[in-house]
Amino acid sequence: MTAEIDARIAHLLHHRKTGLALGEPIVPPISVATTFHLPQTQGAMHSYGRAGQPTWDAVEAQLAILEAAQVVCFPSGMAAITAALMCCLKAGARVMIPSDGYYVTRLLGRDILQVYGVDVVQMPTLEMETADFTGFQVIYLETPSNPGLDTVDIAAIAARAHAAGARVIVDNTTLTPLLQRPLDLGADLVVAADTKAPAGHSDVLFGHVAGRDAVLMARVADWRRQSGSVPGPFEAYLVHRGLETLELRLSRMCASAAVIAERLAQHPAVHRLRYPGLPGDPSFKAVGGQMSNGGFLIGFELSDAATAESFLSRCPLIEQATSFGGVHTAAERRARWGDDVAEGFIRLSVGIEPVEVLWQSINAALPS
Ligand SMILES: *Cc1c(COP(=O)(O)O)cnc(C)c1O
């Protein structure tokens, strides 16, 4: 597993090399053209910018190496999620989504899918392990869930879903294909917000759908062309650059998260700490199996909203921001978005700061 991933990371860094002619740039050009030389309709690489263009090709090639699958890129994680769901559902169909997952996915279910006649059933992530999938066309998972960090067995769910005639879509944003590979475990499609760790610098929105069924992936590409849900070339370039350092950043972030989680767990003001990489955590069972490590997200509770807000504002090395996976450590109180968590619940996304300095600033900001 590790040797295979290492080979993929090395390949990603050199993926353009074989196609380069003498004197061509090592990094992909930001290609801004919307139109391409097209004296006849057959055989051209590109025809019109909404259907495909060279900078998307470069980032899709990198992601295809990591996913070992076909990849279609999108202007945001939500655009990718919408595409995947719309390509697998139609009026009268039924989809199961997590009630404790990314909240905008629930809004998409309620305000868009439901309006177009899709039956959207919400289910807590942990209950999906035993839920009856009869009558469903799509089982949509987020594991670990955001922000609760609960996990379910992807392979077991995929086997049961397929037996019931349903497809499985996994939102793999919290781990990326370097730490978890749902397609290898039987998922039909992976969706992800590359806005988070893959781009990694909190300066670009991006997403992708990955899959190994060529017919289904052609539908996803058609969805992008027909709905016009297209990323810009500058954004694609930034994601391409970010992906080159993803493994390096993730190594630091996950190693630091393990240290910080262990120390937070010992702190008297910290309650109900969740970190999948910590022995004793309910999600620890997935680590070393479907997850290669515990990731870089930590959840914990302080006694109430005011205590949590005061901690966040007192810590100089925590950006008070929504979102995660960036180079800066960031955290927020998730109850402010209506997530079903305690008022004092904090989701901490560990960044790339040297860990001892980071821990000192967190420890100093915690209530004594
Ligand atoms: C951020 C996020 C999304 C949405 O991504 P955007 O790029 O903001 O549209 C989807 N799923 C999860 C788990 C996320 O964290």
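Criteria and cut-off values
- Residues numbered from 1 in each chain as written.
- Predicted model: local features only at pLDDT ≥ 70, side-chain atom pairs only at ≥ 80, totals over all residues.
- Heavy atoms only, no water.
- Helix = DSSP H or I, 4+ residues; strand = E, 2+ residues; numbered from the N terminus.
- Rg over C-alpha atoms; globule rule 2.2 N^0.38 Å.
- Buried < 20%, exposed > 50% of the residue type's maximum accessible area, 1.4 Å probe, protein only.
- Contact = heavy atoms within 4.5 Å.
- Areas by Shrake-Rupley, 256 points an atom, 1.4 Å probe, with all protein chains shown as cover.
- Axes fitted to C-alpha atoms, helices over the stretch in contact; angles between N-to-C directions.
- Parallel < 35°, antiparallel > 145°, perpendicular 65-115°, else oblique.
- Left-handed = near helix turned anticlockwise from the far one by under 90°.
- Nonpolar A, V, L, I, M, F, W, Y, C, P; charged D, E, K, R; others polar.
- Salt bridge = Lys/Arg side-chain N within 4 Å of Asp/Glu carboxyl O.
- Near = heavy atom within 4 Å.
- Polar contact = N/O pair within 3.5 Å; in protein donor to acceptor, adjacent residues only side chain to side chain.
- Pairing = 2+ DSSP bridges.
- Domains from an automatic or database assignment.
- Buried area = accessible area lost by both parts, 1.4 Å probe.

## Section: the overall build of the protein chain
Okay, so step 1: When its secondary structure is counted, the protein chain shows twelve helices and twelve strands.
Okay, so step 2: Here the C-alpha radius of gyration of the protein chain, 21 Å, is about what a compact globule of 368 residues would show, namely 21 Å.
Okay, so step 3: Over its C-alpha atoms, taken along the principal directions, the protein chain stretches across nearly 75 × 55 × 35 Å.
Okay, so step 4: Counting every position in the protein chain, which comprises 368 residues, the buried fraction comes to 52%.
Okay, so step 5: Looking at the protein chain alone, contacts between residues at least 24 apart form 69% of all its contacts between residues at least 6 apart.
Okay, so step 6: On the protein chain, roughly 15,800 Å² of surface is accessible, and the fraction owed to carbon and sulfur atoms is 56%.

## A short note on the packing of helix α10 (residues 246-266) against helix α12 (residues 355-365)
Okay, so step 1: α12 packs onto α10 with a crossing angle of 30° between their chain directions and a minimal axis gap of 10 Å. Classed by the angle they form, the pair α10 and α12 counts as roughly parallel. Crossing of α10 against α12: the hand is right-handed. Contact residues: Ser256, Val259, Ile260, Arg263 and Leu264 in α10; Val355, Glu356, Leu358, Trp359 and Ile362 in α12.

## Brief notes about the packing of helix α1 (residues 2-13) against helix α2 (residues 54-67)
In helix packing, the relevant descriptors are the interaxial angle and the interaxial distance, both defined with respect to the helix axes.
Okay, so step 1: Across the interface, α1 lies against α2 with an axial gap of 9 Å and an inter-helix angle of 170°. As far as their axial angle goes, α2 and α1 are roughly antiparallel. Listed contacts from α2 to Arg8, His11 and Leu12 of α1 are Gln62, Ile65 and Leu66.
Okay, so step 2: A breakdown of the residues in the contact of α1 with α2 according to their chemical character gives three nonpolar, two polar and one charged.

## Considering the pattern of salt bridges
Okay, so step 1: Scanning the entire structure with this criterion turns up 19 salt bridges.
Okay, so step 2: The salt bridge involving arginine 224 is made with glutamate 60; its shortest N-O contact spans 2.9 Å. Of this pair, arginine 224 sits in helix α8 (residues 214-227) while glutamate 60 sits in helix α2, and the two are 164 residues apart along the sequence.
Okay, so step 3: Relative accessible area serves as the criterion here: at 5%, arginine 224 is assigned to the buried category.
Okay, so step 4: Glutamate 60 sits in the buried class, given a relative accessible area of 13%.
Okay, so step 5: Salt-bridge contacts for glutamate 309 lead to arginine 333; the nearest nitrogen and oxygen are separated by 2.7 Å. Highlighted residues: glutamate 309 in helix α11 (residues 305-314) and arginine 333 in strand β11 (residues 330-333), separated in sequence by 24 residues.
Okay, so step 6: Note on glutamate 309: relative accessible area 31%, which makes it partly exposed.

## A few points about the site of the ligand
Okay, so step 1: Around the ligand there are 15 residues in total, and Gly77, Met78, Asp171, Thr195 and Lys196 lie nearest to it.
Okay, so step 2: Interatomic distance of 2.7 Å between a side-chain N/O atom of aspartate 171 and a nitrogen atom of the ligand.
Okay, so step 3: Protein chains bury 93% of the 390 Å² of accessible surface belonging to the ligand in isolation.
Okay, so step 4: Looking at the shell around the ligand, the element that brings in the most residues is helix α3 (residues 77-88), giving three residues.
Okay, so step 5: For the shell around the ligand, the per-class residue count stands at seven nonpolar, five polar and three charged.

## A short note on the sheet that holds strand β8 (residues 271-274)
Okay, so step 1: If you walk across this open sheet you meet the five strands as β8-β9-β12-β11-β10, and the pairing is mixed. A single partner strand is all that each edge strand has here, and the edge strands are β8 and β10 (319-320).
Okay, so step 2: The sheet contact formed by strand β9 (residues 297-301) and strand β12 (residues 345-349) spans five bridges and is antiparallel. Residue pairing in the sheet places glycine 299 in a bridge with arginine 347 of β12.
Okay, so step 3: Against the sheet, α10 contacts β8, β9 and β12, and its axis sits at roughly 15° relative to β9.
Okay, so step 4: Lying over the sheet, α11 contacts β9, β10, β11 and β12, oriented at roughly 160° with respect to β11.

## Section: the domain arrangement of the protein chain
Okay, so step 1: Per the domain assignment, the segments of the protein chain are domain 1 (3-243) and domain 2 (246-365).
Okay, so step 2: Using C-alpha coordinates to define each centre, domain 1 is positioned 26 Å away from domain 2.
Okay, so step 3: Between domain 1 and domain 2, the residue contacts involve 33 residues of the former and 31 residues of the latter.
Okay, so step 4: The three residues of domain 1 that bury the most area against domain 2 are Pro147, Leu149 and Leu179, which together make up 25% of that side's buried surface.
Okay, so step 5: Along the contact surface separating domain 1 from domain 2 lie two salt bridges.

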